[in-house]
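Coordinates in review
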Amino acid sequence: MMNNRAAEQPAETRTQPKAQGKTSIATGQQQTTAPAAGAAAAAAPASAVANANNAVANSIPRKSSCVVTVGMMEENRIKQRDMFKVMREKKNALMNQDGGNPNWEFINMIREYQSTIEFRPLVQGQSVDQHQITVCVRKRPLNQKEQARKEVDVVCIPNKDTVIVHEPKAKVDLTKYLDNQKFRFDCTFDDTCSNEMVYMYTAKPLVQAVFEGAMATCFAYGQTGSGKTHTMGGTFNGKSQDSMNGIYALATRDIFELLQSVKYQSNNLVVSASFYEIYCGNVYDLLANKNKARVLEDGKKQVQVVGLTEREVNSVDEVLAIISSGSNLRTSGQTAANSNSSRSHAIFSLTLRVQASPKVHGKFSFIDLAGNERGADTVSENRRTRSESSEINKSLLSLKECIRALGRKRHLPYRGSVLTKVLRDSFVGKNIRTCMIAMIAPGMASCEHTLNTLRYAHRVKELAVVDPDDRVDPEEDLIECDEPSNGGTHNFNDLEQLRSLNEQEMTMELYNQHKAISDLQQKEEEVLDNHQRVNEFLEKFLPEAKELYNLTNLVDYDQDAYCKRGEELFAQLAEVANAFKDLMSEFRTKLSQEEIVSQAAKLSHRK
């Protein structure tokens, strides 16, 4: 057994170097084998190492995941740089496309939105349905000042009855977007329509109705500078106005043409004109140097404007002369929208009567309303501004509700304002025709006023109009709560009705302010009337007082008669003076109350 083990030992020793040599070749390392391997064993590993080196050199080395991730990130960076470069180039192109306009983003969004709309605006001769109440909208073009400020046109009129306002807005993260609001009306006019085209679809159908005995009303509504005077009075060439192509002149021309027509020539109709304004609840005659007129109701509940001048006219030139002279006297002032804003409502009326008869055959009233932006200014520090703004706001709300009530069986709140009082004939009766032209400015700076104008016009037209033969006149529809109580008037009842119908537009604080201002105006009217009576009394008192004093120059004057007459005369003076003094005290109290209520409304407005 020991011999066998000794014989096996050299065999293991011989096999170990071979295994080690193979291991060295597999690992690519040159190692020295045992001397017992011989020369043949040394030559074999050398050739194997050379073959292994060639195989490694020809193979693709394996990359780690970190190297791959870094490479992908670098590729993404290159792609992002290229993408941002394209975006910057596109952005610069869009910015330079509109001459560097700072609102280029909104312009591009508006352009993209309008590219999806099919534009088919109103064209000459296209038919439009006629209604008892017609509400139209006219957009004016951007003026030179707006173009100089690089204003954005945010209004488009795609077809004959639709208006779209692209209201610019921003999210919480300052991302800009558009709120595209659509409105629909009877007729819409874009900025390419002329005055003649506007007249054809608005006031022209009403002229024929006037000769058939209708009470027609056409009024222009909108913010200052939206084109009311341009539409009603005529186009401007610089500072001069061409009055021949305004609605005033165009309607007057057609009226005189119909007067001479075969159909109406035998009626012996004559035309008379009146022109007046309403400012702070008072009526001023523009044909009599702004003399004050009074609005009163007679025993038959007919509204009469006492002291108003009415002139008979025979040609278009006479009418235009009246309008020109009256417009120069109209009350105006500076507002945020315009340096020469109309603060009053101007009413120009053409009345048809049978010759030598006081009975009205037909009447056409043209109304240029005060700018609606003044109606929102009710929290001013100035009392006069608050008063005029309150009257404008109240009259516009009352006018809207009166027009809406034309198609409903209910009481007309025409006593809610002086404007609707003097226009009572335009609301009461079965043969009534009304046309409203809402003027809008296209600039982005006027977007809020434009939306307010369109909402007002939409509220006028939102209810369906029923057959006027089914409507009940206000006198026939009065209920007990409509009757004045405690010697009061209908004004507060109508004001309460306006409040109930317009809770969002007339808050409780604003209602209290309107009521306080109405109280103040009523008390002021009472004081002024009393002051006039005092002046008239003094005109009689002074001669009598002088005559009584002259009696004392006689040596034998009757002293008892002098004292008796003096006591009576000065007692009358004291009575008149005390009454006037009490009224003045009440007037001051109303002034203080109005100030307190206005301060409360101002605090509520700030909240």
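This structure is a prediction, so every number in the text was calculated from the model and none was measured.

On to the overall build of the protein, then. Assigned secondary structure in the protein consists of 18 helices and 18 strands. Burial statistics for the protein: of 607 residues in total, 42% are counted as buried. Long-range contacts, defined as pairs at least 24 residues apart, comprise 69% of the intrachain contacts of the protein with a sequence gap of at least 6. As displayed, the protein offers around 33700 Å² of accessible surface, 51% of which is attributable to carbon and sulfur atoms.

With that out of the way, let us pick up helix α10 (residues 316–329). Within an α-helix, residues lying three or four positions from one another point in the same direction, as the helix has 3.6 residues per turn. Its 14 residues give α10 an end-to-end C-alpha distance of 21 Å, which sits within 8% of 20 Å, the value for a rise of 1.5 Å per residue. Where α10 is buried, its residues touch α9 (247–259), β9 (269–279), β13 (311–313) and β16 (345–354).

This paragraph deals with the environment of E373. For E373, the location among the structural elements is in helix α11 (residues 372–375). What makes E373 buried here is its relative accessible area of 9%. Sequence spacing of E373 and N393 is 20 residues, and the spatial spacing of their C-alpha atoms is 9.3 Å.

A separate point is the UniProt feature "binding site: ATP" (unreviewed entry) in the protein. If you check UniProt for "binding site: ATP" (unreviewed entry), the listed places come out as G222, Q223, T224, G225, S226, G227, K228 and T229 in our numbering. Assignment of secondary structure puts T224 in the loop between β6 (215–221) and α8 (228–233).

Let us look at the nonpolar core. Counting residues in hydrophobic clusters, the biggest one holds 52 residues, and the most contacted among them are V163, F427 and M436. Those residues in contact with V163, other than ones at most four positions away along the chain, are V137, V155, C156, I157, Q181, K182, F183, F185, T188, I440 and L454. Counting residues in each nonpolar core, the second largest holds 50 residues, with V210, A220, I322 and F364 among its members.

Turning our eyes to something else, we now look at the side chain of D190. Within the secondary structure, D190 is located in the loop between β5 (187–189) and α6 (195–201). Buried D190, no salt bridge; nearest opposite-charge side chain is K139, N-O distance 7.7 Å. One polar contact links D190 to T192, side chain to side chain, over a distance of 2.7 Å. Apart from residues lying up to four places away in sequence, D190 is in contact with P121, K139 and I157.

This paragraph deals with the packing of helix α12 (residues 383–405) against helix α14 (residues 447–461). Contact geometry for α12 and α14: axes closest at 8 Å, N-to-C directions at 30°. As summarised for this structure, α12 and α14 are arranged roughly parallel, according to the angle between their axes. Across the interface between the two elements, L396, L399, K400, E401, I403 and R404 from α12 touch Y456, R459 and V460 from α14. Looking at the contact of α12 with α14 residue by residue, the classes come out as five nonpolar, no polar and four charged.

The backbone of N268 sits at a positive phi, close to 55°, despite the residue not being glycine. In this fold, N268 is placed in the loop between α9 and β9. The backbone phi angle of C280 is positive, close to 55°, even though this residue is not glycine. Mapped onto the fold, C280 is located in the loop between β9 and β10 (282–285).

With that settled, consider the pairing of β6. Of all seven residues in β6, seven are buried; the element is thus mostly enclosed. Of the two faces of β6, the one holding M215, T217, F219 and Y221 and the one holding A216, C218 and A220 are both buried throughout. Summarising the sheet, β6 and strand β17 (residues 360–368) pair through six bridges and their orientation is parallel. Pairing of A216 across the sheet is with F364, part of β17. As paired elements, β6 and strand β18 (residues 432–440) share seven bridges and run parallel to each other. Along β18, the bridge assignment pairs F219 with M436.

Here we have three strands laid out as an open sheet, ordered β2-β3-β4, and antiparallel in their pairing. This sheet does not close on itself; its edge strands, each paired only once, are β2 (155–159) and β4 (176–184). Geometrically, the sheet is characterised by an average inter-axis angle of 25° between neighbouring strands, direction not taken into account. Examined bridge by bridge, β2 and strand β3 (residues 162–170) share three bridges and lie antiparallel to one another. Paired with V155 across the bridge in β3 is V165. Relative to β4, helix α4 (residues 104–114) is tilted by about 45°, and along the sheet it contacts β2, β3 and β4.

Now for the packing of aromatic side chains. As enumerated under the stated definition, the model contains twelve aromatic pairs in all. Taking 5.8 Å as the distance between ring centres and 25° as the angle between the ring planes, the aromatic pair formed by F537 and F541 counts as stacked. Placement of the pair is F537 and F541 together in helix α17 (residues 508–550), with a separation of four residues, close to one helical turn. The pair F537 / F541 is uniform in exposure class, with both members buried. Taken together, the aromatic side chains of Y248, F275, F348, F364 and F366 make up a single cluster linked through ring pairs. Sitting over the ring of Y177, K171 keeps its end group 5.8 Å from the ring centre. K290 extends its terminal NZ or CZ atom over the ring of Y284, reaching a point 5.8 Å from the ring centre.

Looking now at the confidence of the model for the protein. Mean pLDDT over the protein stands at 79; residues scoring 70 or higher make up 77%. Note on residues 1–43: pLDDT under 50 across the span, and ten contacts to partners over four residues away in sequence or across chains. The low-confidence segment residues 463–490 (pLDDT under 50) makes 50 contacts with residues lying over four places distant or belonging to another chain.

Bringing a nonpolar patch on the surface into the picture now. Together, M83, F84 and M87 make up an exposed nonpolar region whose accessible area comes to about 310 Å². Of note, M87 is situated in helix α3 (residues 65–97).

For G281, the position within the fold is in the loop between β9 and β10. Once the C-alpha coordinates of G281 and E391 are considered, the two residues, 110 residues apart in sequence, prove to be 6.3 Å apart. Not counting the four nearest positions on each side in its chain, G281 is found in contact with E391 and V418.

Here we come to the packing of α9 against α10. At a minimum axis distance of 9 Å, the contact between α9 and α10 shows a crossing angle of 150°. Taken as axis vectors, α9 and α10 run roughly antiparallel relative to one another. With respect to the hand of their crossing, α9 and α10 are arranged in right-handed fashion. Counted together, Y248, A249, T252, R253 and F256 of α9 and V316, V319, L320 and I323 of α10 form the full contact between these two elements.

Calculation notes
- Residues numbered from 1 in each chain as written.
- Predicted model: local features only at pLDDT ≥ 70, side-chain atom pairs only at ≥ 80, totals over all residues.
- Heavy atoms only, no water.
- Helix = DSSP H or I, 4+ residues; strand = E, 2+ residues; numbered from the N terminus.
- Buried < 20%, exposed > 50% of the residue type's maximum accessible area, 1.4 Å probe, protein only.
- Contact = heavy atoms within 4.5 Å.
- Areas by Shrake-Rupley, 256 points an atom, 1.4 Å probe, with all protein chains shown as cover.
- Expected span 1.5 Å × (residues − 1).
- UniProt positions renumbered as here; feature names shortened; annotations may be inferred.
- Core = buried A, V, L, I, M, F, W, Y, C linked by side-chain atoms within 4.5 Å.
- Lys, Arg positive; Asp, Glu negative; His and termini not counted.
- Salt bridge = Lys/Arg side-chain N within 4 Å of Asp/Glu carboxyl O.
- Polar contact = N/O pair within 3.5 Å; in protein donor to acceptor, adjacent residues only side chain to side chain.
- Axes fitted to C-alpha atoms, helices over the stretch in contact; angles between N-to-C directions.
- Parallel < 35°, antiparallel > 145°, perpendicular 65-115°, else oblique.
- Nonpolar A, V, L, I, M, F, W, Y, C, P; charged D, E, K, R; others polar.
- Pairing = 2+ DSSP bridges.
- Phe/Tyr/Trp six-rings, centres within 6.5 Å; stacked < 30°, edge-to-face > 60°.
- Lys NZ or Arg CZ within 6 Å of the ring centre and 35° of its normal.
- pLDDT = per-residue confidence, 0-100.
- Patch = residues over 30% accessible without salt bridge, like charges linked within 9 Å, V, L, I, M, F, W, Y side chains within 5 Å.
- Left-handed = near helix turned anticlockwise from the far one by under 90°.

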